[in-house]
Structure formats: C-alpha cells, structure tokens
Amino acid sequence: MATRRIGIIVNGATGRMGYRQHLVRSLLAIQDQGGVELTGGDRLLPELLLVGRNEEKLTAVATRHGLTQWTTDVEAALADEDYEVYFDALVTNLRVANLKKAITAGKAIYTEKPTAESFADALELARLAKEAGTVSGVVHDKLYLPGLLKLRRLIDSGFFGEILSVRGEFGYWVYEGDWQAAQRPSWNYRAEDGGGIVADMFPHWNYVIEDLFGRIADVYAQTATHIPARWDENGTRYTATADDAAYGVFRLENGTVVQMNSSWDVRVRRDELVEFQVDGTKGSAVVGLHSAHIQPREATPKPVWDPDVKDGHDYFDDWIEVPDNETFDNGFKVQWEDFLRHYIEGRPYPFDLLSGARGVRLAETGLASSAEGRRITLDPLTEV
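Residues numbered from 1 in each chain as written. Predicted model: local features only at pLDDT ≥ 70, side-chain atom pairs only at ≥ 80, totals over all residues. Heavy atoms only, no water.

## Overview of the overall build of the protein
Okay, so step 1: Along the protein, the regular secondary structure elements total 9 helices and 18 strands.
Okay, so step 2: Taken against the 2.2 N^0.38 rule, which gives 21 Å for 384 residues, the C-alpha radius of gyration of the protein at 22 Å falls within 12% of a compact globule.
Okay, so step 3: Seen through its principal axes, the protein has C-alpha atoms that stretch 75 × 55 × 40 Å.
Okay, so step 4: A buried classification covers 51% of the 384 residues belonging to the protein.
Okay, so step 5: Accessible surface for the protein amounts to roughly 18,400 Å². Of this, 49% is attributable to carbon and sulfur atoms.
Okay, so step 6: Charge-centre separation for the protein: the mean point of 41 positive side chains lies 1 Å from the mean point of 59 negative side chains. (Helix = DSSP H or I, 4+ residues; strand = E, 2+ residues; numbered from the N terminus. Rg over C-alpha atoms; globule rule 2.2 N^0.38 Å. Buried < 20%, exposed > 50% of the residue type's maximum accessible area, 1.4 Å probe, protein only. Areas by Shrake-Rupley, 256 points an atom, 1.4 Å probe, with all protein chains shown as cover. Lys, Arg positive; Asp, Glu negative; His and termini not counted. Charge placed at Lys NZ, Arg CZ, Asp CG, Glu CD.)

Written out as structure tokens, the structure reads:
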C-alpha cells in the first residue's frame, strides 16, 4: 500500500489550543503513527507548515519538534501550492479574514470554532466556501470523546426509547485572580475582546444537541456576570464585561427539551466538569466526557416522597457503568483523521462551515434571548 503526503498549513501553531491539542496531540501524533489509514489501505501522511505572528515562538516550537517549515507570512503560506489544507487556531477576531484568504487561495478549510464573532460573518464564510467549492470542516471535538461516543451507542441501540429531556451541567470555579491566579485568560471575561461563556460554549452545545438529539427549534436563555471584577495576568484589577454564566432551555423539533447550565462560578460536585443526564421512557443515562452510567426502566427504584423521614437509599448505587468496549483515542486527533479521510476520498463532511454558522447563531440568539427576555424560534438553516 502507498503512502501519500498532504500539506497542511497550521495557523496559530504556538497558541494554547493550536499547539497542545492540534499540533502535538493530533498532527504530530498522526505523523508518529505513520499517517491516516484510508479506505483501501493507503496512508495519508501530513506535512506541516507552521504559521504564527511571533517568530521567536515559532522557531522554538519548530526546533522542539524537529520541524523545518514555518513562517510569519500567512499570505506566502497560502500561495504555496504544496499545502492544500488550511487550519485556523487563531483568536476568533482574526479568524474571518484569514479564512476568507484561504478560500480565495483555493485551500480546503479546517478550523477551530467559533468560526466568527457574528452569525452574519459565519454565514458569509459558509456561502463563500460553497460558491468556491471549498471543502470545509469545523472542530466538533466533543462528539469524538469517549463519553459521548458511548452515548451515541446507547441512542443507536434504542436504549432510551423516546428521549424526553436532556439536562447538562458544565463549569467549574475560575479564580478571580486576586489571591490566587485565574486558570483561564482574562480576555474570556471582557466582551470587548470577544469573551463570554455563551460565545465559548453555546457553539459546542449546538453541535452536541444537533448530532445526538435533534434540531433546536427555539431558545430561551438567561445570562449573568456573577463576578463583576477580576484580576488579569499582571495582577491588575479590571471590570468583567462578559457573561460568566448562562442558563439555557432549548426545545427541539422532535419535542425533546434540553436544559444547559454553563458557569465559571460553580463549584463541582459531579464526576466530571461536564455531565449530561438523558431521560427516556425506557431508561436514563448520566454521561460525561469519558464515563457513562445507565439506569434501565426495569432497574429503576420506586422513590416515595416523605420530607419528614431521612432517606437512607443510595441512589448512586442504582446506576450501572457502561464499559469502554474499545480503546478511545484523543478526540481532536480522531476528528482530524475523520476530516482528512472525508476530504481525500471526496465524501461530504457533515461538520462544515454551515454547521459552524449554526453554532455561532445559537450563541448570538442566546444573548439576544437574555437581553430581550423572550423565547426565540430558529429556522432549520440547512443551506446558504
């Protein structure tokens, strides 16, 4: 079987996500394993061109990993015909301009999300890509994680019967930064810099809900800035202008109701930093990014409400852990492999720029719903 090369431009290679998840844990890991196995047995081996704004950081990353191709000139990278895929891991406010350049240059697109700061810009990207015949993909990493893969198995097997509701809890306590350093960057809490938990997390919730449970028909959300002042990386106090918590209710086209709580002001008392409880007529599941527990109808206890008597029943003990039954690889890496297979083999990729635009729309609609105090209906948005 033959090994084929594919040139990939990695823009934002020195950033937190671009370096750790996409360069080291995905693309270099794919190189180390000898490439991506294609249908028929051939292998596809990435060759990387790193792009960034800081020459010193780029040099350090390239030297550390034995890479020889890097540049601070994105236009020169896009003009190089040896590299046919453009990947974007820049901050969101730089993404639209660079994706437009890549589309014009005839590159296939793979990009982090959100794809734009506004729905109008995200939709325009999807339209431009369609008009140019550009193959595009947007990072939907959570669908490739063990817990949600187990949840997919349960749904496909008919375990739940009719799914009635989904309740999601995401978040953790992010230190304010005064007496202990914050574990998230300060721009996350400044709206003027593109921060906010809605902009960050609602695009995730959109693709998780769409792919696993169905299309979102309408949205009601309440946002909050619970902590009004924080301290930045230099210890300087600043006003938090972005939402740090959001409470959303999404009604799906099939009648399922999804409730998602997202907060950087919550202390964790659950198994993982994000969990989904799915309740159906035949069974329920509690699923995180890695673990999954189920309770079938036949094993459901019969609680009796009596507030005057202490309940000694261990409700956690009523749940059965779902086994792995397979070895799960890094979710970002698996999606890279999935996208590259679809692209090289000419198959439509479902998580494209239009899917990314629907995620941006959900974030924008959530903010509008909170500001206006009303439920907002969404159209299907299946084409541009």
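Right, picking up where we left off after that structure.
## A word on the layout of surface pockets
Okay, so step 1: Of the pockets and cavities examined, the second largest pocket occupies roughly 520 Å³.
Okay, so step 2: Looking at the second largest pocket, it is lined by 19 residues, and the ones nearest its centre are R270, E275, Q277, V286 and F316.
Okay, so step 3: Mapped onto the lining of the second largest pocket, the elements with two or more residues apiece are β8 (163–171), β13 (257–263), β14 (274–280) and β15 (283–287).
Okay, so step 4: Here the lining of the second largest pocket is built from residues that sort into 6 nonpolar, 7 polar and 6 charged. (1 Å grid on protein atoms, 1.4 Å probe; cavity = no way out; pocket = protein on both sides within 12 Å on 5 of 7 lines; lining within 4 Å. Points joined across faces, edges and corners; volume = space filled by probe spheres on them. Nonpolar A, V, L, I, M, F, W, Y, C, P; charged D, E, K, R; others polar.)

## Section: the pairing of strand β9 (residues 216–224)
Okay, so step 1: Of all the 9 residues making up β9, 7 are buried; the element is thus mostly covered by neighbouring parts of the structure.
Okay, so step 2: Here β9 pairs with strand β12 (residues 245–252) via 8 bridges, running antiparallel. The residue of β12 that forms the bridge with Y220 is V249.
Okay, so step 3: Sheet analysis places β9 next to strand β18 (residues 376–377), joined by 2 bridges and oriented antiparallel. In the strand pairing of β18, D218 is matched with T377. (Pairing = 2+ DSSP bridges.)

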